[in-house]
Amino acid sequence: GWRAIIFAVVLADVQCAPLRGVKIVDFPNTAEVTHVPHFCIFLASSAPYYSRVRHAVNSVAKRMSNRELAFVEITTRWAQVYKFFHLHMEHEDELPTALLVNWTSGMGNRPFKKYQFGEAGNESALLDEDRIENFVNVFFSGGLKPLVRSQPVEQVLSDYSPSSGAMRIVGSQFDELVLDKDHDVFVMFY
């Protein structure tokens, strides 16, 4: 069967010893993992949390080698990858962060679904083996909601009165309000 693959993006001056039983592929040589979801860790290789987070991810990858999933480490050297995911993490104090990416149309192609692990900049304490493994298991069971780029919610349906005119919704409300089969909804995009 297909095995989980870890590929690391590291700064040239950082030496990472190969892990036993785990194949390491250097980014962007990702031909072997284009068809599977990626658990992406965005981090700074010079940060104090780096070794601990890397160890946690590697341990989970070894335990989950029977899953069709790639574990991807993306350091700050690859800023263009951060921008692709709309992370814009130029400041190392906002790292680490993690996303699980399901490439529904092939790697690097839109549309794809992203699932946020915790909150950006808060993960160093949360990126431990148990939480990572639980997050991945919830993904495979279909229990995660995709991350939607959105403005902050201005109004919730329970506060809406039709006499006040149209309700302005944002991207994070779209599925809940527009795709609800119990209501007829007219949407005007602007």
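Residues numbered from 1 in each chain as written. Predicted model: local features only at pLDDT ≥ 70, side-chain atom pairs only at ≥ 80, totals over all residues. Heavy atoms only, no water.

One finds F39, F42, F71, F85 and I132 to be the most contacted residues of the largest nonpolar core, which totals 40 residues. Put simply, the parts of the chain that give this core at least two residues each are β2 (38–43), α1 (50–63), β3 (70–75), α2 (79–84), β4 (97–102), β5 (113–117) and α4 (129–140). (Core = buried A, V, L, I, M, F, W, Y, C linked by side-chain atoms within 4.5 Å. Buried < 20%, exposed > 50% of the residue type's maximum accessible area, 1.4 Å probe, protein only. Helix = DSSP H or I, 4+ residues; strand = E, 2+ residues; numbered from the N terminus.)

Quick look at the side chain of S65 now. Inspection of the secondary structure puts S65 in the loop between α1 and β3. Residue S65 is classed as buried on the basis of its relative accessible area of 15%. Only 3.4 Å separates the side chain of S65 from the backbone oxygen of K62, close enough to count as a polar contact. (Polar contact = N/O pair within 3.5 Å; in protein donor to acceptor, adjacent residues only side chain to side chain.)

Inspection of the entire model under this criterion finds 14 aromatic pairs. Arranged with centres 6.2 Å apart and planes meeting at 90 degrees, the rings of F39 and F117 form a pair that is edge-to-face. Here F39 is found in strand β2, whereas its partner F117 is found in strand β5, with 78 residues between them in sequence. Taken as a pair, F39 and F117 share a single burial class, namely buried. Ring centres 5.5 Å apart and planes at 20 degrees place the aromatic pair F84 and F112 in the stacked group. Here F84 is found in helix α2, whereas its partner F112 is found in the loop between β4 and β5, with 28 residues between them in sequence. (Phe/Tyr/Trp six-rings, centres within 6.5 Å; stacked < 30°, edge-to-face > 60°.)

Looking at the secondary structure, you find S59 in helix α1. Among the polar contacts listed, one links the side chain of S59 to the side chain of E129, at a separation of 3.4 Å.

Across the interface, α1 lies against α4 with an axial gap of 9 Å and an inter-helix angle of 45 degrees. With respect to α4, the axis of α1 lies oblique. Helix-helix and strand crossings are classified by hand; for α1 and α4 the assignment is right-handed. Within the contact between the two elements, α1 uses H55, A56, V57, S59, V60 and R63 and α4 uses E129, I132 and E133. Among the residues making up the contact of α1 with α4, the classes are represented as 4 nonpolar, 2 polar and 3 charged. (Axes fitted to C-alpha atoms, helices over the stretch in contact; angles between N-to-C directions. Parallel < 35°, antiparallel > 145°, perpendicular 65-115°, else oblique. Left-handed = near helix turned anticlockwise from the far one by under 90°. Contact = heavy atoms within 4.5 Å. Nonpolar A, V, L, I, M, F, W, Y, C, P; charged D, E, K, R; others polar.)

Geometric values such as these leave the question of function open.
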